[in-house]
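Coordinates in review
Listed here are the chains, written in short residue letters.
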Amino acid sequence: MRRRDHNIFLNTTNLLICGALAGVVVAAGVFPAAAMSGLAAKAGGETFASLPSELKDFSSPQITRIYASDNKTQISQFYDEFRSDVPLKEISPYMRDAIVAAEDREFFHHRGVDIKGVARALVNNNNGKSKQGASTITMQWVRMSLAYSATNPQEVVAATVDTPKRKVTEMKYALQVEKELTKDQILERYLNIAPFGNQAYGVFAASQVYFNKKPKDLTIGQAAMLAAIVKAPTSYNPTSAEGHKELSERRNNYVIPGMVEMGSITQAQAAKAIKEAIPSKAKPIANGCVSVAKNMWGFFCDYFYRWWMGREEFGQTPYDRERRLKSGGYRITTTLDVKAQASARKRIAEQIKDTSKNALLIAAVEPGDGKVRALAANRRYKLDDPAHPQNGISADPRKARQGKRGTYPNTTNPLLTGGGDITGYQAGSVMKMFTMVAALEKGYPLAYTIKAEKQAKTHYIIEPGSDSACEGTHFWCPMNSGGGGEGIYNMWTGFGRSINTFFVPLEERVGAENVVAVAKRFGVQFRSDEDAGYASPGRAHQWGAFTLGVSATTPLDMANAYATLAADGMYCEPTPIERISTQSGEKLDVGRSHCMRATSKDVARAALDATRCPVGDSAQLGSCHGATAGAVRSVVGHPVFGKTGTTDKDRTAGLIAGTTSLVVAGYLVNPDYQNHSDHLRHYQVNPAVYYTLADYMKGKPKIQFKKPENRKIAYGDQRRIPDVECDSVSSARNRLENAGFSVWLSSSSVDSKCPAGTAAGTNPSGRTIKGGVVEIEVSNGKGAVPPPTLPGPGQTPPPIFPPPRR
């Protein structure tokens, strides 16, 4: 703090007088009759010098403000005390003059202690008159400083309790403060720390709460009103009838006349100021995520808050972290893209109403850095008012019987990101991607073929008698959605058409425990106890149903998992943070996503090539032959990848779609009761996802996905398939098996020139992976060319060439 020049003789005199007054003050508090005796003065002189005079460094609680990624749009703010410090040059001169007139008219003439005022207060208080305090602005600032620098509750009490000892301590500190700070510096600190009622601390907050303006724009009447409040914010509260009346009297009859007396304003200005109306309402001040500037930002704000509360860098306990957030005065720029968020919310609203018990949830993540760009739902982020509830009755029958309400349309549950009671939702076939990655890591190429049956027979053990068990066994035997789907598939075609009976055998060959391990590396968290149990090292090898999406995930989990493919196999922990700055502008090295390699570049690039098939794009390395969400590519207009997902009985529906710039995951679920009977369809969730992605990609360059450097990961070790056309079936089988292929006989016949019952050809033909499946197609003979008929005796043979046209 900057020192000022002082007259040494005057300073010494002040100390002596204050020492004497200290004794008087203490004595007055304990033995009023002895207050003016010489014994008091002597005692004060001895104890005053021993009191501390150096204040501890402290910072008063400041507002933390949260901004979108543009660093301009404020999302929300957090505070314990609504305060934001401003320099004196940004405070109206009227405010400075008014606070002096209201609290300490001798401010510019004393050295921290108003000796005449203390003596006057002593005489007044001991004569039974109304109590006077005689605290200068400097002494008041000292008192508040001691309270804010306290490290335990007892120190707070000692700093604020009304005792002679506290008054003496303030006097000693005030004298030292006046040596080290200028009057303007003291005034600036005082105006920034003083309470103004209605949650307003400091003049910036007060200007906002009562007048919705900056402190530099305060008028005389407004400044005088704020200054009048400080003495007793509860008594002079303008929002109560009695407080409004008393505040008006204090402003008009004491503060404004004091400003005239001090020469700060003219009598004419005073007359005009008295006519200024005093507001009877205070502006509600937003605090936290339930008070976001736009309700659609609530779920993202909640995600940020939970992220902060989980970071040990901000404190050892949740209490410490929350105090730091609400008092640190940080400027936090988040990853929220306001345009992407608005688009997602709009596209959701086009498909489903907020009052629907089913929730359409969309999360969007940027590949390569984990930045969360949007979190949207057909829900209002707010607490339902128990006195006037808007939410419908819970979809959970048990809760409905108890009259409990659901979470639609109002909720603050982390539906999109998980946490608390929200463990996620079954996402269905989007999980097949993890099986494909595990297979590629184990050396199975994209071209690896499996003969998919109508029902897959596995060695995964389940409950006997289960609907999905093979008849009479305890082995899991799943079927394809809707039945059918038999045939020979590779990873392009199996993923494109989402063939369960391709991916379950593939998972069994790879090892379910390895598939689960990939999911963990890609960020799946297994929040529920049941899922965590299945995913544990001793049990994961038997979790055959994992590839079909029976575990609970959130849209954010899966958007980020698929973003890992687009990031060349680098998993980046999702983050809501762009940057965090302190009040002084220092940037904290916290919030940047921690990235780690989840799989190799070539595995990620190969898997991504197959994930182009379900969304109507063309694979660069193979052929798709089918899609489950074919409209995505044409709507987005960029190279895309992704996957649809559906669970048993259509209880959930999902779509993930992405580019090199953004991955969007959409779930249609019932958050209140996942065992519901509704059939949730893709016609709602799919358009919301791909139009959100299309809106984001407008105007951006079309960037193609990278191919793996080692093409063997796509095609494996290729072998020529023997030409068995028109061979007998047994001969064809022998030749193919001798060539090292797994041979299957087609269950139906095809038109062919070969005789019926012989081999018409193979599927595939030409070349395929070593050890791959080759199916013998059996001829029905219908396409066969009849053998030529020889002419009989005396008959003319048919012409070799047709006769010329005439």
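In this report, the structure presented in the accompanying data block is examined. (Residues numbered from 1 in each chain as written. Predicted model: local features only at pLDDT ≥ 70, side-chain atom pairs only at ≥ 80, totals over all residues. Heavy atoms only, no water.)

Brief notes about the packing of helix α17 (residues 432-441) against helix α20 (residues 512-521)
Relative placement of two packed helices is described by the angle separating their axes and the distance separating the axes. The line we're drawing: Fitted lines through C-alpha atoms give the axes, limited to the stretch in contact for helices. The angle between two N-to-C directions lies from 0 to 180 degrees. Secondary structure elements follow DSSP: runs of H or I no shorter than four residues count as helices, runs of E no shorter than two count as strands, and numbering proceeds from the N terminus. Oblique is the label for any angle not under 35 degrees, not over 145, and not in the 65 to 115 range, which are roughly parallel, roughly antiparallel and roughly perpendicular in turn. The contact definition used throughout considers only heavy atoms, calling two residues in contact when any of these lie within 4.5 Å. When residues are grouped by polarity, Ala, Val, Leu, Ile, Met, Phe, Trp, Tyr, Cys and Pro land in nonpolar, Asp, Glu, Lys and Arg in charged, and all others, Gly among them, in polar.
At a minimum axis distance of 8 Å, the contact between α17 and α20 shows a crossing angle of 110°. By the criterion of interaxial angle, the relationship of α17 to α20 is roughly perpendicular. Within the contact between the two elements, α17 uses F434, T435, V437, A438 and E441 and α20 uses N514, V515, V518, A519 and R521. Grouping the constituent residues of the contact of α17 with α20 by class yields six nonpolar, two polar and two charged.

Here we look at a positive patch on the surface
The criterion, for reference: The patch calculation keeps residues exceeding 30% relative accessible area without a salt bridge and links them within 9 Å when they carry like charges or within 5 Å when they are nonpolar (Val, Leu, Ile, Met, Phe, Trp, Tyr). Surface exposure here means Shrake-Rupley accessible area, sampled with a 1.4 Å probe, where a residue is shielded only by the protein chains that are shown. Salt bridge, as used here, is a side-chain nitrogen of Lys or Arg placed within 4 Å of a carboxyl oxygen of Asp or Glu. Charge counting follows a simple rule: Lys and Arg are positive, Asp and Glu are negative, and His as well as the terminal groups are ignored. Where a charge lies is defined by one atom per residue type: Lys uses NZ, Arg uses CZ, Asp uses CG and Glu uses CD.
Side chains of R398, K399, R401 and K404 sit close together on the surface and give a patch of like positive charge. Following the sequence through the fold, R398 ends up in helix α16 (residues 397-401).

Here we look at the sheet that holds strand β22 (residues 742-750)
Which entries qualify depends on this criterion: If DSSP finds at least two bridges between two strands, the strands pair.
Read from one edge to the other, the open sheet built from three strands follows the order β22-β25-β23, with strand pairing classed as mixed. For this open sheet the edge positions go to β22 and β23 (759-763), each flanked by a neighbour on one side alone. Across this sheet, the average inter-strand angle for adjacent strands is 30°, counted without regard to direction. The strands that helix α27 (residues 729-738) touches are β22, β23 and β25 (773-779); relative to β25, the one it contacts most, it runs at about 165°.

Considering the environment of K339
For clarity, the threshold we go by: Throughout this description, buried means an accessible area under 20% of the type-specific maximum (1.4 Å probe, protein chains only), exposed means over 50%, and partly exposed covers the range between.
With respect to the secondary-structure elements, K339 resides in helix α15 (residues 338-349). K339 gets classed as exposed once you look at its relative accessible area, which sits at 71%. Considering only alpha carbons, one finds K339 and A374, 35 residues apart in sequence, at a separation of 8.9 Å.

Observations concerning the pairing of strand β1 (residues 64-67)
Looking down a regular strand, the side chains alternate between one sheet face and the other. Judged by which residues are buried, β1 turns out to be covered on both faces: T64 and I66 on one side and R65 and Y67 on the other are all buried. Across four bridges, β1 lies against strand β2 (residues 74-78) in antiparallel orientation. Its bridge partner lying in β2, T64 is registered against F78. Alignment of β1 against strand β5 (residues 331-334), held across three bridges, turns out to be parallel. Looking across to β5, one finds that I66 is bridged to I332.

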